[in-house]
Amino acid sequence: MASKVSPSCRLVFCLLISAAVLRPGLGWYTVNSAYGDTIVMPCRLDVPQNLMFGKWKYEKPDGSPVFIAFRSSTKKSVQYDDVPEYKDRLSLSENYTLSIANAKISDEKRFVCMLVTEDNVFEAPTLVKVFKQPSKPEIVNKAPFLETDQLKKLGDCISRDSYPDGNITWYRNGKVLQPVEGEVAILFKKEIDPGTQLYTVTSSLEYKTTRSDIQMPFTCSVTYYGPSGQKTIYSEQEIFDIYYPTEQVTIQVLPPKNAIKEGDNITLQCLGNGNPPPEEFMFYLPGQPEGIRSSNTYTLTDVRRNATGDYKCSLIDKRNMAASTTITVHYLDLSLNPSGEVTKQIGDTLPVSCTISASRNATVVWMKDNIRLRSSPSFSSLHYQDAGNYVCETALQEVEGLKKRESLTLIVEGKPQIKMTKKTDPSGLSKTIICHVEGFPKPAIHWTITGSGSVINQTEESPYINGRYYSKIIISPEENVTLTCTAENQLERTVNSLNVSANENREKVNDQAKLIVGIVVGLLLAALVAGVVYWLYMKKSKTASKHVNKDLGNMEENKKLEENNHKTEA
């Protein structure tokens, strides 16, 4: 419906003072915009054919209008009113759609599109709503720790720069916290920035913690309304250090070992299950009624077997809250008799004992010159082969590194003993004389020969093993000689001699010469016989040759006669 205007009135003046009418069927229209975006408001009126111009205005809280944009239908020109808050922010299109850049909270108003003809003014109102998403909530002013069974401020959850204001909710391990008298208290407050008109909301939480809150996450969220409806943003999780008193004490040995042996260093560590843990304890050692005040550790160095016993620790102010442990210090003793270097004479008796004393059953191993023996050594009558380095070794298998060993170096001495033997070569041309020597330290062997015409062809020594070795020479005597073997060490000098005869050797040589002469004579006779036989053979061969030639001539003559006879018959 249009309002009538007197023809005598000037049109523009009348428009300003006349009462505009709403187009039938148009109701309230709301445009939602995000803070900082561009607000777009269509006019929502059908443009009449006799339109003169269009204008946009907004209404103040008291209802008075403020015109902000004008567009003529004939000149197609746009004019913006001098309104400071909308300077350089407005844009009016040909279809009279108004756009406002960089939406602000102050733009949340009632705007009106006006289309003016010669006799009517049509209006279409639009309500602008501006929304600002709040910042992600965060927990600030956090308590450095919480104590069990005490109502204490946990922290503040704050969310900034929202419009409209949001609502904060607290959570423990994902479950909503509601106020409970004496256990949960929540205080909410909001502030508005005078310049931006944005809200900052804060929620403070007081909470009474228990041991069940250890490692439990606390979070908060802010719920707000935006152009597309209600949304929620969550903070990061926070885990608080919960203080609680010690209810149990434990004691342990460091470093942990299966077994402790003499000479080890051990450390006792006492722990309380409170938070923060106790820093000092009382330590009680075996045989000492008075406790020792120390930090949570107490070290014993180079422990001995008398350190075996019960050890205890307790809280400083609560002696009845204690813990104990039993420590066994293992030991191993070995005694070898005799030990070190021992020198005995051959044939002597030497008893040997290896005595073991230990905290547990120990194994014993005997070694001689790094070779394991089947049993412990026993010497009723010493021999040279008994000399050597003996080791008695023992160990506790259950205790790592607990071993003991003692050694005996046995030296068996003896004066040189000589035995001489003779061996004749099968040819009878040489003799081997052997001087067998036994003694320790190793005797030196010297040879001497009495007589003339003897030559030493070879000398040789065997290895020295178990106090024995020999020296031998090979000789070819032309007459009887005497060989003397002298053996000498630090204990004594021993001499032995052996006569060697040359008769047997000469007879064999003569026999061999006679045999050779016989062989030579035999060979000469055989050669002579062979020559006579050969001469007779050659003579007989010549006579036979003559008879053969004569027979061959007779054969040829007969052949010629037969040929002549055949010719005559023809």
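The structure we're discussing is the one just above.
Residues numbered from 1 in each chain as written. Predicted model: local features only at pLDDT ≥ 70, side-chain atom pairs only at ≥ 80, totals over all residues. Heavy atoms only, no water.

A. Focus on the pattern of salt bridges. In the structure shown here, the tally under the stated rule is 21 salt bridges. Residue Arg-493 is joined to Glu-488 by a salt bridge in which the shortest nitrogen-to-oxygen separation is 3.9 Å. You can call Glu-488 partly exposed: its relative accessible area is 37%. One network of salt bridges, with partners in common, ties together Glu-262, Arg-305 and Asp-333. (Salt bridge = Lys/Arg side-chain N within 4 Å of Asp/Glu carboxyl O. Buried < 20%, exposed > 50% of the residue type's maximum accessible area, 1.4 Å probe, protein only.)

B. Examining the side chain of Ser-430 more closely. Counting through the fold element by element, Ser-430 comes out in the loop between β37 (403-424) and β38 (431-440). If we skip the residues at most four places from it in the chain, Ser-430 touches Thr-424, Asp-425, Ile-474, Ile-475 and Ser-476. (Helix = DSSP H or I, 4+ residues; strand = E, 2+ residues; numbered from the N terminus. Contact = heavy atoms within 4.5 Å.)

C. Quick peek at the sheet that holds strand β11 (residues 138-140). Spatially, 4 strands are ordered β11-β13-β17-β16 in an open sheet, and the strand pairing comes out antiparallel. If you trace the sheet from one side to the other, it starts and ends with β11 and β16 (184-192), each paired once. Strand-to-strand twist in this sheet, taken as the mean axis angle between neighbours without regard to direction, amounts to 25°. With 9 bridges connecting them, β16 and strand β17 (residues 199-208) associate as antiparallel partners. Bridged to Lys-190 within β17 is Val-201. (Pairing = 2+ DSSP bridges. Axes fitted to C-alpha atoms, helices over the stretch in contact; angles between N-to-C directions.)

D. Region of the structure containing the layout of surface pockets. Volume-wise, the largest pocket comes out at about 150 Å³. Around the largest pocket, the lining is made up of 13 residues, and of these Val-253, Lys-257, Asn-258, Ile-260 and Thr-326 lie nearest the centre. A total of 3 residues in the lining of the largest pocket trace back to one element, the largest contributor, which is strand β29 (residues 322-327). Taken together, the residues of the lining of the largest pocket break down into 7 nonpolar, 5 polar and 1 charged. (1 Å grid on protein atoms, 1.4 Å probe; cavity = no way out; pocket = protein on both sides within 12 Å on 5 of 7 lines; lining within 4 Å. Points joined across faces, edges and corners; volume = space filled by probe spheres on them. Nonpolar A, V, L, I, M, F, W, Y, C, P; charged D, E, K, R; others polar.)

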